[in-house]
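So the chains spell out like this:
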Amino acid sequence: MALTRLTPRLLCLLLVSCRSFSFSMNKLPFSKRTPSASASASASVSANIVSPLASASTSSNTEAIIASSSWEDLEGTLSTLQAEHGYSDDREPVLTLYRDTNGWCPFCERVWIVIRAKNLPYRERLISLFAKPEWYKEIVPTTQVPAVLFHDPASADEPNARKIVWESKDIMKALDDQFPSTPRMVLDTPEYQAATEKIGKLATAGFGFSNTKNTTLVEQEERKVLFLEALDELEDDLVARGGPFRLGKDFSGVDAEMAPLLEKWRWQFPVSKEFDITEGRPGIQKWFDAMDGFAPYSERVMGDQYSWVA
């Protein structure tokens, strides 16, 4: 296999495939699904750790890595590679992100993107949705993910002074408030509010279109029409704004909300519905092109085709 670009997430896929590891329901080897530098599924890892690796620099390490006999060994080797190639983040983390183990939770993904768009050093702790630890249930009343624990260096001797926030939209707002010198993601404008409401409408229509079990052909067609109307409305708004992002030239929280939805539909609908959401929609294609080139998303958070349809 010739590799011209090998990121830690693709390295996981290659190595775990070679070792024939089995992960039922939890597609950890694929794409963004695994934290790149943790010692265990619940360990803390630093952000901003993904960067291209040239094939020449990785070929000499591949055989040694494949020889690893456990997931812990593999993760340790990845940490070493990150340090060797200079893309680890040595800054002190300012927060901890609690997210799902698979990386498929859309609410976790939108927060994850925003944290990276603000270039904040952070730790991750993965929470199994099927076996949530008791300590997590105690600190997050809803017991749901995501949640963010804000670190306060000034209150290091007062652990109770640390603040934990849950619910994705509340977290996004809290990130803006806590780090005012970073790009603001949630805007207090009519345009932003209208855009988020339309994304909610699109999400509902998309869910109806994708889930047609126990429905008649007439109901399926009705759901398709509703989805196409919402998708075309998004297309019209993107074109009217000039793009490439939802509100214009700058990435915002609306794009973070859109990304998990469109990413999933981009890969799954051609397979499950024989439908391409970008066909005949240049505004949406332009948005995808911009997101594919937006490093806070594409280098760590973005899922690939294989992880969504395999």
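On a predicted model such as this, the values are computed, not experimentally measured, just so you know.

Another aspect to go through is the pattern of salt bridges. Taken as a whole and judged by the stated rule, the model has 13 salt bridges. Ionic pairing is found between R99 and E124, a salt bridge with its closest N-O pair at 2.4 Å. Here E124 lies in strand β2 (residues 122-127) and R99 lies in strand β1 (residues 95-100), a separation of 25 residues in the sequence. Accessibility classification places R99 together with E124 in one group, the buried group. R266 serves as the salt-bridge partner of D292, at 2.8 Å between the closest nitrogen and oxygen. One end of the pair, D292, is in helix α10 (residues 282-292); the other, R266, is in helix α9 (residues 253-272), with 26 residues separating them in the sequence. With relative accessibility at 18%, the residue R266 sits in the buried group. Several salt bridges converge on common partners, so that one network encompasses K198, K201, E233, D237 and R246.

Strands sit in the order β2-β1-β3-β4 across an open sheet of four strands; the sheet is mixed. The sheet is open, and its two edges are formed by β2 and β4 (163-166), each paired on a single side. Averaged over all pairs of adjacent strands, the angle between their axes in this sheet comes to 20 degrees, without regard to strand direction. Bridge count between β1 and β2: six bridges; the pairing is parallel. Across the sheet, L97 pairs through a bridge with E124, a residue of β2. Strand contacts of helix α4 (residues 106-117): β1, β2 and β3 (147-150), with the helix running at about 150 degrees to β1, the strand carrying the most contacts. The strands touched by helix α6 (residues 168-178) within the sheet are β1, β3 and β4, with β4 carrying the most contacts at an inclination of about 140 degrees.

Procedures and definitions
- Residues numbered from 1 in each chain as written.
- Predicted model: local features only at pLDDT ≥ 70, side-chain atom pairs only at ≥ 80, totals over all residues.
- Heavy atoms only, no water.
- Salt bridge = Lys/Arg side-chain N within 4 Å of Asp/Glu carboxyl O.
- Helix = DSSP H or I, 4+ residues; strand = E, 2+ residues; numbered from the N terminus.
- Buried < 20%, exposed > 50% of the residue type's maximum accessible area, 1.4 Å probe, protein only.
- Pairing = 2+ DSSP bridges.
- Axes fitted to C-alpha atoms, helices over the stretch in contact; angles between N-to-C directions.
- Contact = heavy atoms within 4.5 Å.

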